[in-house]
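One-letter residues, chain by chain:
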There are 2 protein chains.
Amino acid sequence: MDIQLKRGLLDVCVLAAIKNEDSYGYRIIKDLRPYVVLSESTLYTILKRLEAASMLTVRTAEHEGRLRKYYHITAAGLRRIEDFRNEWKEVISIYQFVTKEEGHA
Amino acid sequence: MDIQLKRGLLDVCVLAAIKNEDSYGYRIIKDLRPYVVLSESTLYTILKRLEAASMLTVRTAEHEGRLRKYYHITAAGLRRIEDFRNEWKEVISIYQFVTKEEGHA
DNA sequence: CACAATACTTCGTGATACGATGTATTACGC
DNA sequence: GCGTAATACATCGTATCACGAAGTATTGTG
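Predicted model, so just to flag it, every value in this text is computed and none were measured.

*Asks:* A description of the interface of chain B and chain A should follow, citing residues and the corresponding values.
*Replies:* In this assembly, 35 residues from chain B lie in contact with 35 residues from chain A. Summed over both partners, the interface of chain B with chain A comes to about 3,600 Å²; 65% of that surface belongs to carbon and sulfur atoms. At the junction of chain B with chain A, the criterion picks out 2 salt bridges. As a salt-bridge pair, Arg85 of chain B and Glu101 of chain A come within 3.0 Å of each other at their nearest N and O atoms. Across the contact surface, chain B and chain A share 13 residue pairs in polar contact (both at pLDDT 80 or more). Among the secondary structure elements, those contributing two or more residues to the side of chain B that touches chain A are helix H1 (3–17) and helix H4 (75–99) of chain B. Among the elements that make up the side of chain B that touches chain A, the one with the highest residue count is H4 of chain B (15 residues). Considering only residue class, the side of chain B that touches chain A consists of 19 nonpolar, 6 polar and 10 charged.

*Asks:* Can you tell me about the sheet that holds strand S3 (residues 66–73) of chain A, naming the residues and giving the values?
*Replies:* Residues and elements named next belong to chain A. Pairing within the open sheet is antiparallel, and its 3 strands lie in the order S1-S3-S2. The open sheet has two edge strands, strand S1 (23–24) and strand S2 (56–63), and neither has a second partner. Two strands pair when backbone bridges link them, and S1 and S3 are joined in this way by 2 bridges, in the antiparallel orientation. By the bridge assignment for S3, Ser23 is matched with Tyr71. Here helix H3 (residues 40–52) sits on the sheet in contact with S2 and S3, set at roughly 125° to S2.

*Asks:* Any details on the packing of aromatic side chains? Residues and values, ideally.
*Replies:* For the structure shown, the criterion picks out 11 aromatic pairs over all chains. Ring plane angle 15° and centroid distance 4.4 Å describe the contact between Tyr95 of chain A and Trp88 of chain B, whose orientation is recorded as stacked. With Tyr95 of chain A in helix H4 (residues 75–99) and Trp88 of chain B in helix H4, the pair connects residues from two separate chains. The same class applies to Tyr95 of chain A as to Trp88 of chain B, namely buried. Among the aromatic residues, ring-to-ring pairing joins Phe84, Trp88 and Tyr95 of chain A together with Phe84, Trp88 and Tyr95 of chain B into one connected group. Sitting over the face of the ring of Tyr24 of chain A, Arg68 of chain A holds its NZ or CZ atom 3.8 Å from the ring centroid.

Here is what the cut-offs are and how they apply
- Residues numbered from 1 in each chain as written.
- Chains lettered and ligands numbered in written order.
- Predicted model: local features only at pLDDT ≥ 70, side-chain atom pairs only at ≥ 80, totals over all residues.
- Heavy atoms only, no water.
- Contact = heavy atoms within 4.5 Å.
- Buried area = accessible area lost by both parts, 1.4 Å probe.
- Salt bridge = Lys/Arg side-chain N within 4 Å of Asp/Glu carboxyl O.
- Polar contact = N/O pair within 3.5 Å; in protein donor to acceptor, adjacent residues only side chain to side chain.
- Helix = DSSP H or I, 4+ residues; strand = E, 2+ residues; numbered from the N terminus.
- Nonpolar A, V, L, I, M, F, W, Y, C, P; charged D, E, K, R; others polar.
- Pairing = 2+ DSSP bridges.
- Axes fitted to C-alpha atoms, helices over the stretch in contact; angles between N-to-C directions.
- Phe/Tyr/Trp six-rings, centres within 6.5 Å; stacked < 30°, edge-to-face > 60°.
- Buried < 20%, exposed > 50% of the residue type's maximum accessible area, 1.4 Å probe, protein only.
- Lys NZ or Arg CZ within 6 Å of the ring centre and 35° of its normal.

Following this line, the structure appears as structure tokens:
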């Protein structure tokens with residue numbers, strides 16, 4: 001999909017991916033794949049950004065001898081999703097403006 | 001609205017604003033105001049970009065002693081709007097993923 | 001023992017929205 | 001007739017950000 005359109009969606013996608021259960025990088029990418037494809041470099045950049053914005057917290061844990069970083073959503077992260085939902089009305093009105101067929105003459 | 005979310009919408013908004021009738025900078029901004037607010041510097045950057053991508057053509061005309069640049073959408077510009085419409089299914093599926101309430105426990 | 005899959009990291013680049021600022025002209029109030 | 005707003009277009013610099021490329025290290029698997 002169009003990279004610019006993606007930009008406004010990726011952050012909330014990642015937050016949504018850890019909303020119900022803590023998760024880690026590799027799994028987030030797989031879970032999101034049906035909806036959006038993102039590379040590792042993109043994901044880890046986003047995770048750092050969201051952590052800096054206190055929208056998630058990180059915890060390192062060992063899993064079968066390998067270290068994993070588990071990400072946990074915070075109240076601010078949940079609020080971010082809520083803000084996104086609230087903005088959706090505007091997005092829909094823009095979509096309708098862009099796609100309306102008034103000049104079919 | 002969130003600037004990142006805006007990014008994927010602005011180009012098509014501008015194209016939609018000239019879809020049915022040629023228009024010029026100042027008027028495009030006013031016409032779009034109910035849907036998205038954008039500054040002049042942003043608009044003219046977008047217009048240049050869309051012209052470079054052959055999605056619109058420019059014609060300079062005098063209007064009451066003042067020069068105006070009128071923008072006219074091309075077939076490629078119309079196709080761009082069509083592509084946007086086709087991508088919307090993906091956007092909706094992302095929106096549903098992000099906002100679904102499965103973990104209300 | 002090579003190769004894929006898992007897991008995380010860093011670096012550089014190109015795209016782009018926006019504020020600040022500038023240039024002109026017309027219109028309006030006083 | 002003079003300032004101020006509105007109209008109209010333009011340029012510059014900056015911050016944000018998705019991504020490819022490349023790297024490190026471990027665990028299977030043939």
